[in-house]
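# A look at the structure
For reference, the chains in residue letters:
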Amino acid sequence: MTTGTIFDIREFTVHDGPGIRTTVFLKGCPLRCAWCHNPEGFVRQPQTMVTPAGRRVVGQDMSAEELAGILNRQAEVLAANEGGVTFSGGEPLTQAEFLVAVIDRLEGIHVLLDTSGCADAHDFRSIVQRCDLVFFDLKLMDPALHRHFTGQDNGPILANLRQLAGLGVPYVVRVPLVPGITDTEANLTAIAEAIRSLSGLVGVNLLAYNRAAGGKYPGLGMTFEPTWDETQPVNASLAPFVAVGLDATVLGLRDHEGK
Amino acid sequence: MDTRLETMRQSVRDGDHKQWRRQITVDIVPECERENLSWVRRSARLTRRMCEAEQVVIGPTERIVFTRTIPVVPSLYSPSAWRAVTAGRKLHEMGPISNICADWRMVLEQGLLGRRAAAQAAREKFAADPQSVEFLDAAIETIDAVLALADRYARTARERGRDDLAAILQHVPGRRPRSFHEALQCLRLCHAVLWMSGHYHCGLGRFDQYMWPYLQADLESGRLDEPEAEALLAEFFITLNKDSDLYPGVQQGDNGQSLMLGGVRRDGSCGVNRLTYMALRAALDVSMIDPKINLRVTPDTDMCLLELAAKLTQRGLGFPQYSNDDVVIPGLVRHGYDLEDARDYSVAACWEYIIPGKGMDVVNIGAVSMPAAVHRGIVQGLRDGADFDAVLKCAADDISAQVKAVANTYHDLLLPPAPYYSVLMDGCLERGRDLSHGLRYNNYGVHGAASSSAADALAAVKRMVFDRNEVSGAELLEALDRDYDGFETLQSRLRTEAPKVGNHDDMVDSLLVWLFEQFAQACESYGDNGRGGLLRPGSGSAMYYVWLAQGHQGMSEPVVGATADGRRRGEYFSSNLAPSAGVRVRGPISVLQTYSKLDYSRICNGGPVTIELADSVFRDAGAIRRVAMLIRTFAQLGCQQLQLNTLNVETLEDAKRHPERHKNLIVRVWGWSGYFCELAPEYQDQIVERHVYALGEPVIPVQVKEITRHESKTRIDATGCLPVVPDRLQRPDGTY
Ligand code: SF4
């Protein structure tokens with residue numbers, strides 16, 4: 001029996017892909033992005049979260065059968081509404097074996113993988129091949145900056161991105177806009193340059209900075225220390241992508257944000 | 001909306017029309033006593049004197065007129081005489097007939113002069129029956145009063161050079177309207193006089209069905225184009241907000257001016273027409289608390305219509321409320337409604353189904369406290385050392401006893417005569433019988449309140465005490481007795497380890513199904529309700545989710561303390577069909593799947609599945625379509641009724657102050673979701689700020705407050721179908 005650890009299952013996650021979707025959040029991530037808004041996704045082990053609303057254990061061990069069972073009970077509803085299941089996290093690929101076991105048990109459900117790309121190349125390939133759509137998050141192209149802000153090299157990530165382009169599974173590249181960090185013209189241009197000729201790319205999403213990103217840290221006994229000005233409007237610049245003929249959109253931005 | 005309508009809306013919001021109100025009381029008691037008038041004649045006299053006392057108000061830009069100037073509806077009897085005529089009898093709520101719906105189609109078609117002719121004909125036919133003659137004379141008195149009022153409006157309009165209005169008011173409400181404009185004016189006046197006569201929760205029925213012939217003729221002849229028609233519609237909706245504060249309800253704004261759209265026709269064909277869409281658009285434009293829009297849907301309803309409705313849902317007004325034809329109609333048929341009538345259903349003040357013109361159902365006579373029944377079963381079963389079946393048996397007996405108790409109090413119900421309302425109903429004049437004697441349908445509605453909390457308590461005991469032996473019966477009894485003081489660990493286990501309704505978990509959901517089966521069984525075996533009707537069980541909670549937990553003045557339903565689901569004394573129960581407060585659920589799909597397990601053909605009184613959406617849901621380009629899909633899923637899964645709320649800033653602010661009430665409140669900002677109450681305060685502020693910006697089109701906060709139905713506030717989730725009267729409307733002597 002393959003067991004995994006999830007920290008939430010949320011239905012009607014309208015921002016996590018097409019149609020009506022249910023998103024499974026898997027626990028554990030090799031990265032430590034300084035702007036991460038899901039810090040309960042960092043470590044694999046269940047944790048206790050203490051908040052004004054009380055104490056709660058985040059993280060639940062579940063067998064692949066159990067999770068697939070919960071999802072299969074919604075299969076019809078998800079299919080009837082152009083949707084499916086999204087695996088997110090954390091980094092879902094840290095639980096590759098579990099993820100394979102779950103996906104293989106799903107009964108005709110559209111599967112979307114939301115990944116940082118930071119994973120073993122073999123695991124990455126084997127799971128992507130089981131998916132219908134991939135959201136591939138790209139943060140920073142500069143290796144040093146990437147290491148500084150996420151704690152990891154972006155080499156393996158970019159290798160997986162190149163691998164992804166050859167797998168025949170459609171994917172969207174998503175860039176979280178962090179003011180002054182990832183939203184620089186240089187970074188956006190470098191990303192556009194890196195992905196311009198990749199095959200299978202169906203779109204680019206720039207995600208507006210989530211100013212509530214630090215909300216969960218205190219409850220987990222962690223501190224959120226942004227080195228950027230959170231109130232600064234993000235540079236939601238589509239120009240670098242348009243310039244190389246890519247179809248890009250900004251999500252989550254409202255009039256008073258951005259410039 | 002153009003600037004004329006914007007100004008008009010603002011002026012109604014500002015209450016400018018209140019300047020015309022006069023604090024005078026129309027006292028009809030002396031003349032009634034002098035003339036020794038019967039009750040029915042007094043009712044007619046009341047309508048007449050109220051119409052006569054009205055002063056004509058014609059706003060310079062108004063195209064649909066009538067503004068009420070006499071706020072107070074007077075008594076029919078002196079206090080002592082009132083006590084005498086009602087001695088030993090049960091009155092429903094405030095007394096007067098309420099919470100039904102007139103046959104507006106017939107009223108428009110015949111006009112009040114047509115109704116007058118019908119009354120005259122009946123008067124000749126029943127000349128030998130003094131009771132009929134008296135009723136018909138009373139009915140005619142009311143018709144003449146309304147016509148005289150219209151005539152005064154017409155003359156004043158003429159004097160002020162408003163020949164357009166004068167022509168309309170000379171024609172309606174006497175005769176069949178010649179245009180959509182006249183039809184709206186006719187409805188406005190006839191409807192307003194109901195409220196002036198002391199009736200309340202006066203429904204507007206299937207508006208897009210009965211209004212469509214008039215609009216269709218105008219559109220086809222080119223007299224009107226769609227934008228002009230929508231402007232009239234918007235003005236009509238605005239006028240319905242003028243008198244809202246004068247209408248009785250649990251709280252201001254909760255006035256039961258329900259308006260139904262969509263659904264099948266009497267012959268079963270699809271009744272959705274252009275007006276269905278236009279009315280939704282007008283409601284969206286106007287964005288005021290009235291009228292309360294209801295929409296009938298099926299699994300096949302056009303997505304365009306659902307998307308338009310979803311836009312209205314986004315507005316955060318708490319409507320439209322959705323009803324599923326495929327479920328409601330068979331349920332009504334099973335309860336004795338003719339198929340054609342069942343297809344013609346509308347909704348009463350909140351959610352109970354009612355047939356316009358034909359239903360004299362009293363749709364909310366009270367509630368059965370499901371948690372009280374379950375609590376009794378648990379306490380008795382554990383004390384006796386009995387098995388779980390014995391717990392269930394005792395709970396079932398208690399449900400049955402509660403049904404009998406509430407129904408027995410209404411067995412001898414006294415409905416006061418209602419000559420004016422009778423004019424507007426199907427067949428009253430023709431039969432020479434007042435509405436209070438009954439109509440085609442004379443059923444009573446009873447609600448099974450706080451059902452999810454009750455099922456949670458049963459499930460906790462079954463799992464923890466009986467199936468797994470993890471908690472001893474004695475310990476649980478003591479914990480309940482002490483309100484979990486000193487038993488916090490047990491309380492927390494009951495809350496977190498036992499299955500809860502709302503997660504599509506068959507173990508607990510089957511107990512919910514069982515509870516409603518027992519409730520339906522008890523209602524079915526009750527028999528005649530005393531008025532030739534039966535009991536219709538429903539699933540609404542109204543304010544009972546608070547009252548059954550904390551008590552309420554004048555309430556006869558039982559109050560319970562701590563319950564086995566880990567809830568402490570005084571904490572709210574679940575409301576309508578929604579998970580208990582503080583229960584973590586995965587989302588709306590599981591909630592709908594849970595409640596789709598109920599056999600709604602046996603619980604046909606209504607009571608919605610209640611789902612709250614964060615307004616951040618709407619920030620994605622595809623969001624409206626997805627919300628429309630959610631509504632369609634509600635219908636496809638076979639649920640009966642859906643109330644979809646959009647969460648707004650006030651709820652978030654309340655959640656900041658009272659996190660314990662909002663543990664399940666989820667805020668989503670792109671790919672990320674968090675439980676609002678678990679966020680550090682500065683981030684909560686951040687989110688509140690986001691939501692403030694997200695509101696888009698302005699909606700007056702005060703009005704949103706009035707009608708939003710969140711679990712969080714004691715003041716709200718009001719339904720008005722309840723036996724309470726706001727102080728300002730209650731007379732010291734209890735009369736109306
Ligand atoms: S990859 Fe995603 S989950 Fe992991 S740390 Fe970065 S933002 Fe957080």
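From a predicted model like this one, the values you see are computed outputs, not experimental measurements.

### Some words on the overall build of chain A
Along its length, chain A carries 8 helices and 11 strands. For 259 residues, the compact-globule formula gives about 18 Å, and the C-alpha radius of gyration of chain A, at 18 Å, lands near that figure. Each of the three principal axes of chain A carries a C-alpha extent, and together these read 45 × 45 × 35 Å. Here chain A holds 259 residues, and 63% of them are scored as buried.

### Quick word on the sheet that holds strand β7 (residues 444-449) of chain B
Within a sheet, each strand pairs with its neighbour through backbone hydrogen bonds, oriented either parallel or antiparallel. Residue and element names in this part refer to chain B. Read across the sheet, 3 strands follow the order β6-β7-β8 without closing on themselves; strand pairing throughout is parallel. Of all strands in the sheet, those bounded by a partner on one side alone are β6 (362-369) and β8 (535-538). Averaged over all neighbouring strand pairs, the angle between strand axes comes to 30°, with direction disregarded. With 5 bridges connecting them, β6 and β7 associate as parallel partners. The residue of β7 that forms the bridge with S369 is A449. Here helix α16 (residues 370-384) sits on the sheet in contact with β6 and β7, set at roughly 30° to β6. Set on the sheet, helix α17 (residues 388-409) makes contact with β6, β7 and β8; between it and β6 the angle comes to about 145°.

### So, helix α22 (residues 488-497) of chain B
All names here are of chain B. Taken residue by residue, α22 has L490, Q491 and L494 as its buried positions. The buried residues of α22 occupy an angular sector of 105° when projected down its axis, which confines them to one face. Seen from the open side of α22, the exposed residues pointing more than 90 degrees away from its buried face are T489 and T496. Against the buried residues of α22 lie α20 (451-467) and α21 (473-481).

### Some details on the pairing of strand β2 (residues 21-26) of chain A
All names here are of chain A. The element β2 is extensively covered by neighbouring structure, given that 6 of its 6 residues are classed as buried. Burial along β2 is two-sided: R21, T23 and F25 facing one way and T22, V24 and L26 facing the other are all buried. Looking at chain direction, strand β1 (residues 3-11) and β2 are connected through 5 bridges and run antiparallel. If you follow E11 over to β2, its bridge partner there is T22.

### Structural notes on the nonpolar core
Of all hydrophobic cores here, the largest spans 295 residues; its most connected members are F87 and I195 of chain A together with F207, F237 and L476 of chain B. It is helix α6 (residues 130-159) of chain B that provides the largest number of residues to this core, a total of 14 residues. When residues are assigned to domains, this core turns out to be shared by domain 1 (1-199) and domain 2 (362-413 + 442-586) of chain B, each giving three or more. Beyond its immediate chain neighbours, meaning those up to four positions away, I195 of chain A contacts L138, L161, V173, L201, V204, F241 and L246 of chain A.

### What about the packing of α17 of chain B against α20 of chain B?
Residues and elements named next belong to chain B. Between α17 and α20, whose axes approach to 11 Å, the crossing angle comes to 160°. Between α17 and α20, the crossing angle belongs to the class labelled roughly antiparallel. Crossing of α17 over α20 shows right-handed handedness. Taking contact as the criterion, the partners of F388, V391 and L392 in α17 are, on α20, L458, K462 and F466. By residue class, the composition of the contact of α17 with α20 is 5 nonpolar, no polar and 1 charged.

### Let's talk about the sheet that holds strand β11 (residues 248-251) of chain A
Residue and element names in this part refer to chain A. What the 9 strands build is an open sheet, ordered β5-β1-β2-β6-β7-β8-β9-β10-β11; its pairing is mixed. For this open sheet the edge positions go to β5 (60-63) and β11, each flanked by a neighbour on one side alone. Along the sheet, successive strands turn relative to each other by an average axial angle of 30°, direction set aside. The strands touched by helix α1 (residues 64-72) are β1, β2, β5 and β6 (84-89); relative to β5, the strand with the most contacts, the crossing angle is about 85°.

### Describing the domain arrangement of chain B
Residues and elements named next belong to chain B. According to the domain assignment, chain B contains domain 1 (1-199) and domain 2 (362-413 + 442-586). For domain 1 versus domain 2, the separation of C-alpha centres amounts to 44 Å. The interface of domain 1 with domain 2 comprises 7 residues on the first partner and 7 residues on the second. For the pair domain 1 and domain 2, the summed buried surface comes to about 610 Å²; carbon and sulfur atoms form 48% of the total. The largest per-residue losses of area from domain 1 upon contact with domain 2 belong to R89, K90 and H92, which jointly make up 80% of the total buried on that side. In this structure, the connection of domain 1 to domain 2 is made through 1 salt bridge. In this structure, the salt-bridge partner of R89 is D412, at a minimum N-O distance of 3.2 Å. The tally of links from domain 1 across to domain 2 stands at 3 residue pairs in polar contact (both at pLDDT 80 or more). For the side of domain 1 that touches domain 2, the class distribution of residues is 1 nonpolar, 3 polar and 3 charged.

### Let's talk about α6 of chain B
The first and last C-alpha atoms of α6 of chain B sit 43 Å apart over 30 residues, in line with the 44 Å expected at 1.5 Å per residue. For α6 of chain B, the capping residue at the N-terminal end is D129 of chain B, with a side-chain oxygen 3.0 Å from the backbone nitrogen of Q131 of chain B.

### Brief notes about the pattern of salt bridges
Residue and element names in this part refer to chain B. A complete count under the given rule lists 57 salt bridges over all chains for this structure. Residue R9 is joined to E6 by a salt bridge in which the shortest nitrogen-to-oxygen separation is 2.7 Å. Here R9 and its partner E6 are both found in helix α1 (residues 3-14), 3 residues apart, which amounts to about one turn of the helix. For R41, the salt bridge goes to E141, with nearest N and O atoms at 3.2 Å. Highlighted residues: R41 in helix α3 (residues 39-53) and E141 in helix α6, separated in sequence by 100 residues. For E141, a relative accessible area of 9% gives the class buried. Each of E31, E35, R41, R45, R48, R49, E52 and E141 takes part in salt bridges that share partners, so that together they form one network.

### Thoughts on the environment of L177 of chain A
All names here are of chain A. With respect to the helices and strands, the residue L177 is situated in the loop between β9 (171-176) and α7 (185-195). Considering only alpha carbons, one finds L177 and G219, 42 residues apart in sequence, at a separation of 25 Å. Discounting chain neighbours no more than four positions away, the residues touching L177 are T182, D183, L188, L206, L207, A208, Y209, V234, N235 and A236.

Conventions and cut-offs
Residues numbered from 1 in each chain as written. Chains lettered and ligands numbered in written order. Predicted model: local features only at pLDDT ≥ 70, side-chain atom pairs only at ≥ 80, totals over all residues. Heavy atoms only, no water. Helix = DSSP H or I, 4+ residues; strand = E, 2+ residues; numbered from the N terminus. Rg over C-alpha atoms; globule rule 2.2 N^0.38 Å. Buried < 20%, exposed > 50% of the residue type's maximum accessible area, 1.4 Å probe, protein only. Pairing = 2+ DSSP bridges. Axes fitted to C-alpha atoms, helices over the stretch in contact; angles between N-to-C directions. Contact = heavy atoms within 4.5 Å. Arc of directions from axis to C-beta. Core = buried A, V, L, I, M, F, W, Y, C linked by side-chain atoms within 4.5 Å. Domains from an automatic or database assignment. Parallel < 35°, antiparallel > 145°, perpendicular 65-115°, else oblique. Left-handed = near helix turned anticlockwise from the far one by under 90°. Nonpolar A, V, L, I, M, F, W, Y, C, P; charged D, E, K, R; others polar. Buried area = accessible area lost by both parts, 1.4 Å probe. Salt bridge = Lys/Arg side-chain N within 4 Å of Asp/Glu carboxyl O. Polar contact = N/O pair within 3.5 Å; in protein donor to acceptor, adjacent residues only side chain to side chain. Expected span 1.5 Å × (residues − 1).

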